[in-house]
Amino acid sequence: MIEKPKRTFALIRISTIGQSVENGGTGIPFQKEKLSQYATLNDLNLVKTITDVASGGLETRDGIEELKSHIENGDVDVVLIWNVSRTFRSMIHFTKFYEYLKKHDVELISVSEGIRSSSKTGSMMFGIMVSIASFEKSVITERMVSGRTTKVKSGVRGFGSKL
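Parameters at a glance
Residues numbered from 1 in each chain as written. Predicted model: local features only at pLDDT ≥ 70, side-chain atom pairs only at ≥ 80, totals over all residues. Heavy atoms only, no water. Helix = DSSP H or I, 4+ residues; strand = E, 2+ residues; numbered from the N terminus. Buried < 20%, exposed > 50% of the residue type's maximum accessible area, 1.4 Å probe, protein only. Areas by Shrake-Rupley, 256 points an atom, 1.4 Å probe, with all protein chains shown as cover. Salt bridge = Lys/Arg side-chain N within 4 Å of Asp/Glu carboxyl O. Pairing = 2+ DSSP bridges. Contact = heavy atoms within 4.5 Å. Axes fitted to C-alpha atoms, helices over the stretch in contact; angles between N-to-C directions.

Notes on the overall build of the chain
Piece 1. For the chain, the helix and strand inventory stands at five helices and seven strands.
Piece 2. Looking at the chain as a whole, 36% of its 163 residues qualify as buried.
Piece 3. When the accessible surface of the chain is split by element, carbon and sulfur atoms take 56% of a total near 9800 Å².

Have a look at this one:
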């Protein structure tokens, strides 16, 4: 019996509309091309590519909610992402999403990292990658707060206006 290609949805994320193609950004076309190529090379039926324009630290995002509705309808076998840190910055949010996918028997594949949730090693690696992403976000936040504090102490507030 010939196995039919798995119904696959790709999830792309950029942080701000300023990173969109219209504003000179390359995030969307790059991710879309790589995920499409992966699907083709691995005989996956890429049904739809969903783009999220939101912080990776947010738990509820339009793209994820759209994807969940397709999953609830039983339309999804595989979710492709470019990488964990691009898609999620919060270990808690990723863990909830990952458990949701497992509950619905949907495989998660991180293309750039070569990780598939269908293997024990892949499941372990997803946990490690999310920990790194969470750490990275906390370091970035710390730097931003430090920079703002320094500006306020030097008499600059908000968007560069003097006090």
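A look at the pattern of salt bridges
Pairs can form between side chains of opposite charge whenever their charged atoms are close.
Piece 1. In this structure the tally under the stated criterion is six salt bridges.
Piece 2. When salt bridges with common partners are traced through the structure, they connect Lys 6, Glu 107 and Arg 116 into a single cluster.

Some words on the sheet that holds strand E1 (residues 7–14)
Piece 1. Here we have five strands laid out as an open sheet, ordered E2-E1-E3-E4-E5, and mixed in their pairing. Of all the strands in the sheet, the pair left with one neighbour each is strand E2 (45–53) and strand E5 (115–116).
Piece 2. The pairing of E1 with strand E3 (residues 78–81) spans four bridges and is parallel. Opposite Ala 10, over in E3, you have Leu 80 as the bridge partner.
Piece 3. Docked against the sheet, helix H1 (residues 27–41) engages E1, E2, E3, strand E4 (107–110) and E5, running at close to 160 degrees with respect to E1.

A few points about unusual backbone geometry
Piece 1. One non-glycine residue, Asp 43, adopts positive backbone phi at about 55 degrees.
Piece 2. Within the secondary structure layout, Asp 43 lies in the loop between H1 and E2.
Piece 3. By relative accessible area, Asp 43 is classed as exposed at 60%.
Piece 4. For Asp 105, which is not glycine, the phi torsion reads 55 degrees and is therefore positive.
Piece 5. Looking at where Asp 105 falls in the secondary structure, it is placed in the loop between helix H4 (91–103) and E4.

Topic: the pairing of E4
Piece 1. What you see with E4 is no split at all: Glu 107 and Ile 109 on one side and Leu 108 and Ser 110 on the other are buried throughout.
Piece 2. Two elements, E3 and E4, share four bridges in a ladder whose sense is parallel. Pairing of Ile 81 across the sheet is with Ser 110, part of E4.
Piece 3. Where E4 lies against E5, two bridges are found, and the strand directions are antiparallel. When the sheet's bridge partners are listed, Ser 110 is paired in E5 with Ile 115.

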